[in-house]
Amino acid sequence: MNLRTLKYFVAIVDAGSLTAAAEAISIAQPALSRQMHDLERDLGAQLLLRTPRGVRMTKAGAALYESAQRMLAEAQKVRKHLEGPQPAVESSVVLGASPTLSRVLVPGVFERCQRSLAGVKLTVREAFTPMLLEWLEKGLIDMAIITSSGIGSGRGIATQPLLGEPFVLVTQKSRQMSAIVPVTRLPRIPLLMTTLHRSIIEHDLMPLGIHLNVHSEIDSVDTIRELVMQGHWSTLMPVSVFKPADPQGRIVLSEVSGVQLNRQLMMATRIERNETAAISVLKDLVQAELVRLTRRGMFSLGNFAGAEPAPSR
């Protein structure tokens, strides 16, 4: 067991599958699989359950996941300490985030920055992944939280996997949709979709020969969310878009069975840029906020623990 193997293990859990993790961290899947088999043999316990829909942690795997997060964080702190004093932070740092993440991620990150980055101005730019990558290449933003879709080679961008988030079918309660909906039913449900989310899901459905019934493409997450909440429309969206849950009980979030529909959230920065202290700290703050939100159930189908307040100044 070493830090690299622990990073691989955490990446697999966050991505939800060996295939997604191998793609996210740029390693051959057979090599990644061997690393996990060696880790399980070394620890004498099964850590992951391999299923047609991806991987799930065993009880031992869940215990290791929590420990691995702490060990990797501590190793990062030690590394920074040994590097010695850092130069003064820059006066501003620009973070890019997608519309589906800004609402849930940015408030907590902003409050953490106010406490941890004194004298540094945080600016947030909101756009979908393709535009965020373009801004990153042009130097208009310093880092971005993106999805794995749309990342091409030769762009001079470094990525770090953060977590995997499932897409869910969101319908009005009046439609009486069950908690689990087979993927074969999707063509019979008229949907409102963003262009990006449609492309991600249709790519996953292509091997099954299943086509979405998209009534309209609307590249506004807030608009689709409002139409679904107020009307009779349905959509496929990352689960966090509709959390906290609707207090009036107007909607149902359903898992789609028979296929793994998820997105991989990643942190992106420019490779050639010398990382400043402010950007380094911002990375840590983003990851800390994602851990907090994950523990509250923001990125899963479970109930959202909304009682816990966001970090305050």
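All values reported here derive from a predicted model rather than from experimental measurement. (Residues numbered from 1 in each chain as written. Predicted model: local features only at pLDDT ≥ 70, side-chain atom pairs only at ≥ 80, totals over all residues. Heavy atoms only, no water.)

**Q** Would you mind going over the pattern of salt bridges in detail, with residue names and values included?
**A** What the rule picks out here adds up to eight salt bridges. Between Arg263 and Glu165 there is a salt bridge, with its nearest N and O atoms 2.9 Å apart. Of this pair, Arg263 sits in strand 12 (residues 262–270) while Glu165 is found in strand 6 (residues 157–172), placing the two residues 98 residues apart along the sequence. Comparing Arg263 with Glu165, the two get one shared label, buried. Taken together, the shared-partner salt bridges in this structure form one network comprising Arg112, Glu289 and Arg292. (Salt bridge = Lys/Arg side-chain N within 4 Å of Asp/Glu carboxyl O. Helix = DSSP H or I, 4+ residues; strand = E, 2+ residues; numbered from the N terminus. Buried < 20%, exposed > 50% of the residue type's maximum accessible area, 1.4 Å probe, protein only.)

**Q** Got a sec to walk through unusual backbone geometry? Specific residues and values, please.
**A** Phi at Gln176 takes a positive value of approximately 55°, unusual for a residue other than glycine. Summarising the element assignment, Gln176 is placed in the loop between strand 6 and strand 7 (180–182). Using a relative accessible area of 72% as the deciding quantity, one classes Gln176 as exposed.

**Q** Let's hear about the side chain of Thr147: which residues, and what values?
**A** With respect to the helices, strands and loops of the structure, Thr147 is situated in strand 5 (residues 143–147). The exposure class of Thr147 is buried, given its relative accessible area of 4%. Apart from residues no more than four positions distant in its own chain, Thr147 is found in contact with Thr129, Leu196, Ile200, Arg263, Gln264 and Leu265. (Contact = heavy atoms within 4.5 Å.)

**Q** Explain the nonpolar core to me, using residue names and the numbers behind them.
**A** Soluble globular proteins tend to pack their nonpolar side chains together in the buried interior. The biggest cluster of nonpolar side chains holds 33 residues, and the ones touching the most others in it are Leu169, Ile201, Leu205, Leu212, Leu236, Phe242 and Val256. Listing elements by their share of this core, those giving two or more residues are strand 6, strand 8 (191–193), helix 7 (195–205), helix 8 (221–230), strand 10 (235–238) and strand 11 (251–257). Formed by 25 residues, the second largest nonpolar core is a distinct cluster that contains Val93, Leu101, Ala278 and Phe299. (Core = buried A, V, L, I, M, F, W, Y, C linked by side-chain atoms within 4.5 Å.)

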